[in-house]
Amino acid sequence: MTAYQMCTRCVMDTTAEEITFDTSGVCSFCHSFYENVKPVLDRARSEEGGKLLNQIVTTIKNSAPGKPYDSILGISGGTDSSYLAYLASELGLRPLLVNVDTGWDTPESKSNVKNLADKLGFNLEIITVDWEEMRDLQLAFYRASVKNCEIPQDHAFLAALYRKAAQEDVRYILTGGNFATESILPRSWGYNAGDLRHLLAVNSRFGTRPLRKFPTLSFWRRYLYYPFVRGILEVRLLNFAPYNKNEAKRILSEKFGWQDYGAKHYESVLTRFFQGYYLPTKFGIDKRRAHLSSLILSGQMTREQALEELKKPPYPNEELLQKDKAYIAERLGLSLSEWEEILALPPRQHEEFPSSKLLFALKDELAKATGIRRRRYRV
């Protein structure tokens with residue numbers, strides 16, 4: 001068994017199975033950051049970065065002459081997607097804001113989304129996922145007892161955005177993914193939410209109903225049909241502009257009355273429970289380590305500050321934990337004791353279920369060799 005070790009530069013540790021350390025105790029995630037990510041962040045703050053951002057924005061604007069929208073912007077109400085909407089407005093883009101409601105958003109997140117849309121003057125469309133199918137699929141993943149029980153929400157979000165882009169006949173999907181705040185995410189901590197084969201396999205084994213209305217996105221539609229036939233591309237615009245999380249929160253709060261949730265992705269009750277209780281309790285994984293390490297490496301937090309943050313429990317407080325646990329049980333149609341029994345199931349690995357893992361690996365190798373990812377504005 002590997003001895004416990006924490007990086008001397010960030011706060012990643014051996015709970016990430018793939019981590020390695022050099023002789024100074026600096027981890028492989030740090031080395032990867034300085035080799036692959038820091039140049040992107042440095043460019044975003046440079047004159048070259050400003051020119052590239054203007055080029056991308058001009059391309060998006062010119063892609064939809066005479067149309068009401070030039071892009072689809074996925075918005076959850078969290079910091080990254082909210083600031084992205086503000087940035088899009090500042091840059092003169094004309095996105096349709098799309099919020100995918102999977103049934104778990106907090107009142108604060110709903111208020112954030114509405115306030116932003118109203119004050120920015122953007123149209124907002126809320127896509128509501130069929131609750132009975134969503135509930136059953138979500139429960140199937142918790143019964144499967146795997147690491148990434150967020151797959152149903154994440155998959156629905158991305159599938160709905162592509163579907164809406166095709167319906168509106170626009171070529172660009174703007175997402176809040178970025179290197180400044182999320183450059184680190186160990187693969188050993190979960191599994192790819194985009195793998196439809198895997199999602200359907202878990203549903204087939206532990207679900208009770210077929211997915212007829214739930215938005216799905218196959219590998220071939222995402223990586224062949226949508227980009228090469230329909231010309232629809234994902235753009236991570238925040239990677240091309242200087243982005244500081246605390247500054248973003250200040251701007252959003254002052255200009256839009258935006259409300260902070262206290263932690264990354266806590267705009268969803270279920271995500272808060274998943275990251276704050278399920279992962280630490282069942283798998284010993286504290287995702288704050290990845291979030292905080294990303295901020296350390298991008299210069300937005302010191303390691304000492306991150307260590308102080310990690311001294312706090314992952315859940316805001318015990319009262320909220322018990323309230324969320326009871327609320328989730330009720331929403332899933334379970335008694336609290338039934339929910340506790342599911343949470344106590346022994347852990348399983350994603351590898352126990354069919355997947356398209358090899359296909360995704362081949363895609364990554366092809367993208368790396370050809371530079372397709374870079375040309376698609378996703379770096």
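Look above for the structure.
The notes below deal with the structure included here. Model, not experiment: these values are computed from the prediction.

1. Some words on helix H3 (residues 79-90)
Thinking step 1. For H3, built from twelve residues, the straight-helix expectation of 16 Å at 1.5 Å per residue is met to within 8% by its first-to-last C-alpha distance of 16 Å.
Thinking step 2. Of all twelve residues that make up H3, ten are buried, and the element is covered over most of its length.
Thinking step 3. Buried within H3 are the following residues: Thr79, Asp80, Ser81, Ser82, Tyr83, Leu84, Ala85, Tyr86, Leu87 and Ala88.
Thinking step 4. In this structure, the buried residues of H3 make contact with strand S1 (71-74), strand S2 (95-101), helix H4 (107-120), strand S4 (172-174), helix H7 (179-182) and helix H10 (245-256).
Thinking step 5. Remark: Gly92 follows H3 within two positions and exhibits a positive phi of approximately 80°.

2. Thoughts on the side chain of Ser294
Thinking step 1. By secondary structure assignment, the location of Ser294 is in helix H12 (residues 288-297).
Thinking step 2. A distance of 3.1 Å separates the side chain of Ser294 from the backbone nitrogen of Ile184, its partner in a polar contact.

3. A closer look at the packing of aromatic side chains
Each pair of aromatic rings is reported with the distance of its centres and the angle of its planes.
Thinking step 1. Scanning the entire structure with this criterion turns up 19 aromatic pairs.
Thinking step 2. Here the aromatic rings of Tyr86 and Phe256 are separated by 6.0 Å at their centres, their planes lie at 70°, and the arrangement is edge-to-face. Of this pair, Tyr86 sits in helix H3 while Phe256 sits in helix H10, and the two are 170 residues apart along the sequence.
Thinking step 3. Residue Phe256 is classed as buried on the basis of its relative accessible area of 6%.
Thinking step 4. Measuring from ring centre to ring centre gives 6.4 Å for Trp104 and Tyr327, while their planes differ by 85°; the resulting arrangement is edge-to-face. With Trp104 in the loop between S2 and H4 and Tyr327 in helix H14 (residues 318-331), this residue pair connects regions lying 223 residues apart in the sequence.
Thinking step 5. On the basis of relative accessibility, which here comes to 34%, the residue Tyr327 falls in the partly exposed class.
Thinking step 6. Cluster of aromatic residues (ring-pair linked, three or more members): Tyr142, Phe273, Phe274, Tyr277, Tyr278, Phe283 and Trp339.
Thinking step 7. A cation sits over an aromatic face here: Arg331 above Trp104, 5.8 Å from the ring centre.

Definitions and cut-offs
Residues numbered from 1 in each chain as written. Predicted model: local features only at pLDDT ≥ 70, side-chain atom pairs only at ≥ 80, totals over all residues. Heavy atoms only, no water. Helix = DSSP H or I, 4+ residues; strand = E, 2+ residues; numbered from the N terminus. Expected span 1.5 Å × (residues − 1). Buried < 20%, exposed > 50% of the residue type's maximum accessible area, 1.4 Å probe, protein only. Contact = heavy atoms within 4.5 Å. Polar contact = N/O pair within 3.5 Å; in protein donor to acceptor, adjacent residues only side chain to side chain. Phe/Tyr/Trp six-rings, centres within 6.5 Å; stacked < 30°, edge-to-face > 60°. Lys NZ or Arg CZ within 6 Å of the ring centre and 35° of its normal.

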